[in-house]
Amino acid sequence: MRLATLIAAACLGLAASAHADGKDGKTLSVPPIAPLEATGAMQEAAYTAPPSHEPNTYRFGATYSVTDTGTALICETACDGDASCKAWSFVDTYGASPARCELKAGQGRKEENPLATSGVATKLKTATLGDMPVPPPAPATDPGQLSGGITPEPVPSLP
């Protein structure tokens, strides 16, 4: 009787393990996701980060709001419009996870992350550094001129 019970338990165990491995055709098989491979818009070759963005950087620091957003620029704008926001981190899509914007109550420490872009609130940069003047555009130069100005007349040599 004990032997029959052990054989039945062993058969049930084999059936359960076959089902868990997906060999019965009813279990969903999910392909693995490559580590740290972004699937969102931030991986476009034409993207150039503004000077206020810290590409490949994630900031820790008292996250108080997380929303789904499409770009780091939208995340930065959301932080600048919120009086409590001191810093922000945009994390690109990864696998089934959507892109998200995290607003922070503190600047926190920075850590390298190829899926993240972060920054400090504009109001903090202005309070710390003052208004940063925008440099005037460089004047257009004549293609025949050197960038240093007009070439002076040659000096006559001494006899």
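Read on for a plain summary of the structure. What you see is a predicted model; the values in this text were computed from it and never measured. (Residues numbered from 1 in each chain as written. Predicted model: local features only at pLDDT ≥ 70, side-chain atom pairs only at ≥ 80, totals over all residues. Heavy atoms only, no water.)

Some remarks on the packing of aromatic side chains
Now for step 1: With the rule as written, the count across this model stands at 1 aromatic pair.
Now for step 2: An angle of 80° between the planes, with centres 4.9 Å apart, marks the rings of Tyr-58 and Phe-60 as edge-to-face.
Now for step 3: Overall, the relative accessible area of 29% leaves Phe-60 in the partly exposed class.
Now for step 4: It is Arg-109 that lies over the ring of Phe-60; its NZ or CZ is 4.3 Å from the centre. (Phe/Tyr/Trp six-rings, centres within 6.5 Å; stacked < 30°, edge-to-face > 60°. Buried < 20%, exposed > 50% of the residue type's maximum accessible area, 1.4 Å probe, protein only. Lys NZ or Arg CZ within 6 Å of the ring centre and 35° of its normal.)

Regarding the pairing of strand E3 (residues 87–91)
Now for step 1: Counted residue by residue, E3 has 5 buried out of 5 residues, so it is predominantly covered.
Now for step 2: Of the two faces of E3, the one carrying Ala-87, Ser-89 and Val-91 and the one carrying Trp-88 and Phe-90 are both buried.
Now for step 3: One ladder, built from 5 bridges, connects E3 with strand E4 (residues 100–104); its direction is antiparallel. By the bridge assignment for E4, Val-91 is matched with Arg-100.
Now for step 4: The sheet contact formed by E3 and strand E5 (residues 110–120) spans 5 bridges and is antiparallel. Across the sheet, residue Phe-90 finds its bridge partner in E5, namely Thr-117. (Helix = DSSP H or I, 4+ residues; strand = E, 2+ residues; numbered from the N terminus. Pairing = 2+ DSSP bridges.)

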